[in-house]
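Breakdown of the fold
What follows is the residue order along each chain.
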Amino acid sequence: MSTGASNPEYVNARVRSRQAALLSDEDYRKLIRMGPSEIARFMEETEYEREINQLGTRFSGVDLIEYALNRNLAKHFDDLLEWANGRLYDLIARYLRKFDVWNVKTIIRGIYTDSDPDSIRTDLILAGELDDRTIDRLVEAGSIEDAVELLGGTIFADPLENAYEEFEAGGTLVPLENALDRAFYESLLEDLGRPQEGPESKYVEFLQTEIDFRNARNALRLARSGADLDPAAYYIDGGVLFDESELSRLIGQYDELVDHIADNKRYGDRLSGALDRLRDADSLIQFEHALDAALLEYADTLSSVYPTSISPVLSYILAKEREVENIRAIARGREVGLDESEIEEELVIL
């Protein structure tokens, strides 16, 4: 925990400078026309220069791009914690646990598919609270059960232990992955309580939106999968858009699902453009990308209206993640020979 008074004005000024340096949609369209080595050279001319140069003697091609992206992302989010003091530090640190969730999911998926430790490490983003030693031990774990045991003492311990029996019975990772998501959001909301006003109320509003959109995404995934799965197993509590019964009712009802979002007072007016994209989406990946774009748009709105809250930091975190994911998708797409239109479908472009 950082001491001292919160300093949102200072942190948000630094964040806006960083956000202004992010790649533009036009940059992504340039990258789509490049091969992996050209993408790496392009990155060397940007703020990824240090990572490309440091890693260039050990890696090449897509591996170099992946490692550089993940190291740069972690560096930027470490900077946020360096800048922040007091309560603001605590709020940012707790939100960055989302990368602990990402890393644990990546590791258990790797163990599940018998991937080698080095290939698992390629996808890790070391920006959360789990230390390097714990991450290394998790990557080297011989089984998912061993990995669950290694997380004893963390916020994920009890939820994972409770979900492990269901994982063993069903053979899919869904119970474990949902347990991680729930533990993350429940821990955040429990710490915050439910403030009705002030800067922290905007943090809660953002988290509720993230939960709502995750629930919407899960509802459509369930509908498209055709599997006989219990919707309640996917439901994350804490949002304002759905309760469990509403989400179950809307599974498979695409237009009704979008209407349900549009009819909500919080989202309908602020997300008119994003909702148009949702209505026009004709595939699951387009719907998910439209949701991602809607969340970015919503975070931008909050950061403009409440400039001295944590909202600008959250907006920047999402925007930086989007940049990294877009570059990664382009590099991987070029590596496997996708054409430009196929790659562009994999991107979140506003």
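Residues numbered from 1 in each chain as written. Predicted model: local features only at pLDDT ≥ 70, side-chain atom pairs only at ≥ 80, totals over all residues. Heavy atoms only, no water.

A few words now on the overall build of the protein chain. The helix and strand tally for the protein chain stands at 20 helices and 0 strands. Its C-alpha atoms give the protein chain a radius of gyration of 20 Å, within 12% of the compact-globule value 20 Å for 350 residues. When each of the 350 residues of the protein chain is scored for burial, the buried share is 51%. Roughly 16,100 Å² of accessible area belongs to the protein chain as shown, and the carbon and sulfur atoms make up 44% of that amount. For the protein chain, the distance from the average site of its 38 positive side-chain charges to the average site of its 72 negative ones is 5 Å. (Helix = DSSP H or I, 4+ residues; strand = E, 2+ residues; numbered from the N terminus. Rg over C-alpha atoms; globule rule 2.2 N^0.38 Å. Buried < 20%, exposed > 50% of the residue type's maximum accessible area, 1.4 Å probe, protein only. Areas by Shrake-Rupley, 256 points an atom, 1.4 Å probe, with all protein chains shown as cover. Lys, Arg positive; Asp, Glu negative; His and termini not counted. Charge placed at Lys NZ, Arg CZ, Asp CG, Glu CD.)

Here helix α2 (residues 25-32) crosses helix α19 (residues 311-335) at 15°, and the two axes come no closer than 10 Å. By the angle between their axes, α2 is roughly parallel relative to α19. Remark: the crossing between α2 and α19 carries right-handed chirality. Between α2, through D25, Y28, L31 and I32, and α19, the contact on the second element is made entirely by R322, E323, N326, I327, I330 and R334. Its residues assigned to classes, the contact of α2 with α19 comprises 5 nonpolar, 1 polar and 4 charged. (Axes fitted to C-alpha atoms, helices over the stretch in contact; angles between N-to-C directions. Parallel < 35°, antiparallel > 145°, perpendicular 65-115°, else oblique. Left-handed = near helix turned anticlockwise from the far one by under 90°. Contact = heavy atoms within 4.5 Å. Nonpolar A, V, L, I, M, F, W, Y, C, P; charged D, E, K, R; others polar.)

So, on to the nonpolar core. Within the largest apolar cluster, 122 residues are counted, with the highest numbers of intra-cluster contacts made by Y95 and I327. Broken down by element, the residue count for this core peaks at 12 residues, all from helix α5 (residues 61-83). When near neighbours in sequence (up to four residues on either side) are disregarded, I327 contacts L23, Y28, L31, I39, M43, Y48, I65 and L69. (Core = buried A, V, L, I, M, F, W, Y, C linked by side-chain atoms within 4.5 Å.)

All right, on to the side chain of T209 then. Tracing the backbone shows T209 in helix α13 (residues 199-225). Residues in contact with T209, not counting those within four places in the same chain, are R266, Y267, L295 and Y298.

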